[in-house]
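Okay, here's what each chain looks like letter by letter:
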Amino acid sequence: MKVLVYGAGVIGGQLVHALIKAGNDVTVIARGAWKETLLRDGLRIRHHIQKKDTVDYPLVLETPDNEHYDIVFAVMQYRQMEQILDNLAAINSPVVVFVGNNLSASEMEQRILDATKAPKNILFGFGSTAGTRENGKLTTVHTGDGKLTLGRTHDDAS
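Notes on the structure in this doc start here.

Rules of the game
- Residues numbered from 1 in each chain as written.
- Predicted model: local features only at pLDDT ≥ 70, side-chain atom pairs only at ≥ 80, totals over all residues.
- Heavy atoms only, no water.
- Pairing = 2+ DSSP bridges.
- Helix = DSSP H or I, 4+ residues; strand = E, 2+ residues; numbered from the N terminus.
- Axes fitted to C-alpha atoms, helices over the stretch in contact; angles between N-to-C directions.
- Contact = heavy atoms within 4.5 Å.
- 1 Å grid on protein atoms, 1.4 Å probe; cavity = no way out; pocket = protein on both sides within 12 Å on 5 of 7 lines; lining within 4 Å.
- Points joined across faces, edges and corners; volume = space filled by probe spheres on them.
- Nonpolar A, V, L, I, M, F, W, Y, C, P; charged D, E, K, R; others polar.

### Considerations on the sheet that holds strand E5 (residues 59-61)
Next, step 1: What the seven strands build is an open sheet, ordered E5-E2-E1-E6-E7-E8-E11; its pairing is mixed. At either margin of the open sheet sits one strand with a lone partner, and together these are E5 and strand E11 (149-151). Taken pair by pair, the neighbouring strands of this sheet meet at an average axis angle of 25°, ignoring direction.
Next, step 2: Of the pairings in the sheet, the one linking strand E7 (residues 95-99) to strand E8 (residues 121-126) comprises five bridges and is parallel in character. Looking at the pairing, Val96 lines up with Ile122 of E8.
Next, step 3: Here helix H5 (residues 105-115) sits on the sheet in contact with E7 and E8, set at roughly 145° to E8.

If you want it as structure tokens, here you go:
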């Protein structure tokens, strides 16, 4: 699958790793110094519980391109999500998944649906990842292999 991950901090980085490990074609949206680090050194993760280090090399962009993606994951802090809603509506993808806590899920979903030119399924996902980002490397604490619990705001996800 062709996947776009909007945000590659601790949770997004672990998701990117799991998606690449599963054989997906992954593109990441990152900005500033973190983008430069990912381009130069790759996505370096110390998996604390598993006692292993990994390095992945997703395609890294600063802004979304015009490619078609099978699915888009938005993995940013809740207070930053508002800034990317128009971009998520414009991305050529039938599925958008917000990962993490979202206090305005219904409102964000409606804003994307109102602004998009093509039908989109909006889902919300929760994982079990935590960690830190220091010195160009992520240290993650996670269980399993990157599974997310997915749902919708008003009905069951298919």
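### Structural notes on the layout of surface pockets
Next, step 1: Of the voids in this model, the largest pocket is the one considered here, and its volume is about 650 Å³.
Next, step 2: In terms of lining residues, the largest pocket is bounded by 28 residues, among which Gly7, Val75, Met76, Gln77 and Gln80 are the most central.
Next, step 3: Grouping the amino acids of the lining of the largest pocket by side-chain chemistry returns 14 nonpolar, eleven polar and three charged.
Next, step 4: As a volume, the second largest pocket reaches approximately 200 Å³.
Next, step 5: Those elements that provide at least two residues to the lining of the second largest pocket are helix H1 (10-21) and E8.
Next, step 6: Sorting elements by how many residues they give to the lining of the second largest pocket places H1 first, with three residues.
Next, step 7: Here the lining of the second largest pocket is built from residues that sort into five nonpolar, nine polar and one charged.

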